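Topology and contacts: notes
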Amino acid sequence: METARGMAVKKGFLCDQNVDKGRSVVIDGKIRKTDILSCHKKSLELVCPQRRYVVFNADPKTGKVYSVGGRITEHSCF
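This section reports on the structure supplied with the text.

Observations concerning the nonpolar core
- Counting residues in each nonpolar core, the largest one holds ten residues, listed as M1, A4, A8, F13, C15, L37, C39, V54, F56 and A58.
- The set of elements that each furnish at least two residues to this core consists of α1 (2-10), β3 (30-42) and β4 (51-58).
- It is β4 that provides the largest number of residues to this core, a total of three residues.
- Setting aside its immediate chain neighbours within four residues, C39 contacts A8, F13, L14, C15, R52, Y53, V54 and F56.

Written out as structure tokens, the structure reads:
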């Protein structure tokens, strides 16, 4: 998970300080425990900046990231 954090930070993302541990998520209809790290960044536009998010899911026993998800909010105006 720390490697994933380092890669995200290198690309300009700010990550949560703490990993959300032991969350239950549904994958392919099955409930699975996972550790989650969320990161985000916004563009430099002043009027309507674009926000990008990336979420890393890791196996709690091994710490290995098994899924990476992301989304973009095109115009996150105030």
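Some details on the pattern of salt bridges
- For the structure on display, the rule yields three salt bridges.
- Note that R5 and E2 form a salt bridge whose closest N and O atoms lie 3.1 Å from each other. Taken together, the positions of R5 and E2, both in helix α1 and three residues apart, correspond to about one turn of that helix.
- Overall, E2 belongs to the exposed group, its relative accessible area being 54%.
- The shortest N-O distance in the salt bridge between R32 and D59 comes to 3.7 Å.

Digging into the packing of aromatic side chains
- Tallying each qualifying case throughout the model produces zero aromatic pairs.
- R32 extends its terminal NZ or CZ atom over the ring of Y66, reaching a point 3.7 Å from the ring centre.

Details of the environment of S38
- If you trace the backbone, S38 turns up in strand β3.
- The class for S38 is partly exposed, based on a relative accessible area of 26%.
- Along the backbone, S38 and G70 are 32 residues apart, and their C-alpha atoms lie at a distance of 9.5 Å.
- Among residues more than four places away in sequence, those in contact with S38 are L14, C15, D16, V54 and V55.

Some thoughts on the environment of Q17
- Examined against the element boundaries, Q17 turns out to sit in the loop between β1 (14-15) and β2 (20-27).
- Of the residues examined, Q17 reaches a relative accessible area of 71% and is grouped as exposed.
- Expressed as a C-alpha distance, the spacing of Q17 and R5, which sit twelve residues apart in the sequence, is 9.8 Å.

What counts and how
- Residues numbered from 1 in each chain as written.
- Predicted model: local features only at pLDDT ≥ 70, side-chain atom pairs only at ≥ 80, totals over all residues.
- Heavy atoms only, no water.
- Core = buried A, V, L, I, M, F, W, Y, C linked by side-chain atoms within 4.5 Å.
- Buried < 20%, exposed > 50% of the residue type's maximum accessible area, 1.4 Å probe, protein only.
- Helix = DSSP H or I, 4+ residues; strand = E, 2+ residues; numbered from the N terminus.
- Contact = heavy atoms within 4.5 Å.
- Salt bridge = Lys/Arg side-chain N within 4 Å of Asp/Glu carboxyl O.
- Phe/Tyr/Trp six-rings, centres within 6.5 Å; stacked < 30°, edge-to-face > 60°.
- Lys NZ or Arg CZ within 6 Å of the ring centre and 35° of its normal.

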